[in-house]
Amino acid sequence: QLGDSYKKVVNSFSQELYQKDDSKVISGDEFIKFAASYGGAPVIIVLLVKTANTPDAQNANIESGCASMQNLVLAAANLGLGTCWMTSPLDDESTLRHILDIPNDRKMVAVTPLGYPDTTPEALPRKDPALKDIIKWLD
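Read on for an overview of the structure. Keep in mind that this is a model prediction, so the values were computed, not measured.

1. Here we look at the side chain of Q58
Checked against the element boundaries, Q58 lands in helix 3 (residues 55-78). In this structure the side chain of Q58 is engaged in a polar contact, spanning 2.6 Å, whose partner is the backbone nitrogen of A52.

In C-alpha cells form, the structure reads like this:
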C-alpha cells in the first residue's frame, strides 16, 4: 500500500520532470518501479513529530526530527545499510495517514526505506574539492 501511494506521487510528477531533462541517473520508468516498492527495501520508516501549539515549538519539533533522521541515515550507512531521505511520499499524506493510522497530533516529516543495497554506486567527483569556490572567508 505504501508503494502504491508513492508510485502515484512519482507518476504524477515524473512525466513532466523527465520531459524537461533526460540526463537523470535513472529513467522515469525505473523511478516509478523504484517507487512502487521503495527500491525493494524490507523496512520503511516514517518520521513523525508531535504537533505543537505555537509555530516556534512546531519548528523546534521538526528540526529535532530532522536531526534524528540525519543521525539514522548516518548510522545506517555505518552499518552498511541503504537509506534515502524522502519527502515526496508525503505528497499523498492523507493516504499514508490512513494506511499507517497516524493520529492528527503527529506531523509527518520524512520517509526512508531501509535495507541492504544490492549495489553501492561510486561517489561522484567533487566539483570543488578544496571548497575554494563555495566558501568565502570575510575578515
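2. So, the nonpolar core
Of all hydrophobic cores here, the largest spans 14 residues; its most connected members are Y6, V10 and Y38. Counting only elements with at least two residues in this core, the list comes to helix 1 (2-20), helix 2 (28-37) and strand 3 (106-115). Looking at which element gives the most residues to this core, the answer is helix 1, with four residues. In contact with V10, other than residues within four places in its own chain, are F31, I32 and A35. Core analysis: the second largest hydrophobic core is formed by five residues, L47, M69, V109 and A110 among them.

3. So, the sheet that holds strand 1 (residues 43-50)
With antiparallel pairing, three strands are arranged side by side in an open sheet as 1-3-2. The open sheet has two free edges, formed respectively by strand 1 and strand 2 (82-83), since each of these has just one partner strand. Sheet topology places strand 2 next to strand 3; two bridges connect them, and they run antiparallel. Paired with G82 across the bridge in strand 3 is G115. Across the sheet, helix 3 touches strand 1, strand 2 and strand 3, and the angle it forms with strand 1 is around 155°. Along the sheet, helix 4 (residues 93-100) makes contact with strand 1 and strand 3, crossing strand 3 at roughly 75°.

4. Describing the layout of surface pockets
Its volume calculated, the largest pocket comes out at about 800 Å³. Along the walls of the largest pocket sit 25 residues, with F34, G39, T83, P117 and T119 positioned nearest its centre. Where the lining of the largest pocket is concerned, the elements lending two or more residues are helix 2, strand 2 and strand 3. In terms of residue count, the dominant contributor to the lining of the largest pocket is helix 2 (five residues).

5. Things to note about the side chain of S5
Along the chain, S5 turns up in helix 1. Residue class for S5 comes out buried when judged on its relative accessible area of 3%. If we skip the residues at most four places from it in the chain, S5 touches D92, T95 and L96.

6. A few points about the packing of aromatic side chains
Enumeration over the complete set of coordinates arrives at two aromatic pairs. Taken together, a centroid distance of 6.5 Å and an interplanar angle of 80° make the contact between Y6 and F31 edge-to-face. Here the residue Y6 occupies a position in helix 1, and F31 occupies one in helix 2, the gap between them amounting to 25 residues. In this structure, Y6 and F31 share a single accessibility class: buried. Between Y6 and Y38, the ring centres sit 5.1 Å apart and the planes meet at 25°, which makes this aromatic pair stacked. Taken together, the positions of Y6 in helix 1 and Y38 in the loop between helix 2 and strand 1 put the pair 32 residues apart, joining distant regions of the chain.

7. A short note on the pairing of strand 3
With eight of 10 residues buried, strand 3 lies mostly within the body of the structure. With eight bridges connecting them, strand 1 and strand 3 associate as antiparallel partners. Each bridged residue has a counterpart across the sheet, and for K50 the counterpart in strand 3 is R106.

Each value, and the rule that gives it
- Residues numbered from 1 in each chain as written.
- Predicted model: local features only at pLDDT ≥ 70, side-chain atom pairs only at ≥ 80, totals over all residues.
- Heavy atoms only, no water.
- Helix = DSSP H or I, 4+ residues; strand = E, 2+ residues; numbered from the N terminus.
- Polar contact = N/O pair within 3.5 Å; in protein donor to acceptor, adjacent residues only side chain to side chain.
- Core = buried A, V, L, I, M, F, W, Y, C linked by side-chain atoms within 4.5 Å.
- Buried < 20%, exposed > 50% of the residue type's maximum accessible area, 1.4 Å probe, protein only.
- Contact = heavy atoms within 4.5 Å.
- Pairing = 2+ DSSP bridges.
- Axes fitted to C-alpha atoms, helices over the stretch in contact; angles between N-to-C directions.
- 1 Å grid on protein atoms, 1.4 Å probe; cavity = no way out; pocket = protein on both sides within 12 Å on 5 of 7 lines; lining within 4 Å.
- Points joined across faces, edges and corners; volume = space filled by probe spheres on them.
- Phe/Tyr/Trp six-rings, centres within 6.5 Å; stacked < 30°, edge-to-face > 60°.

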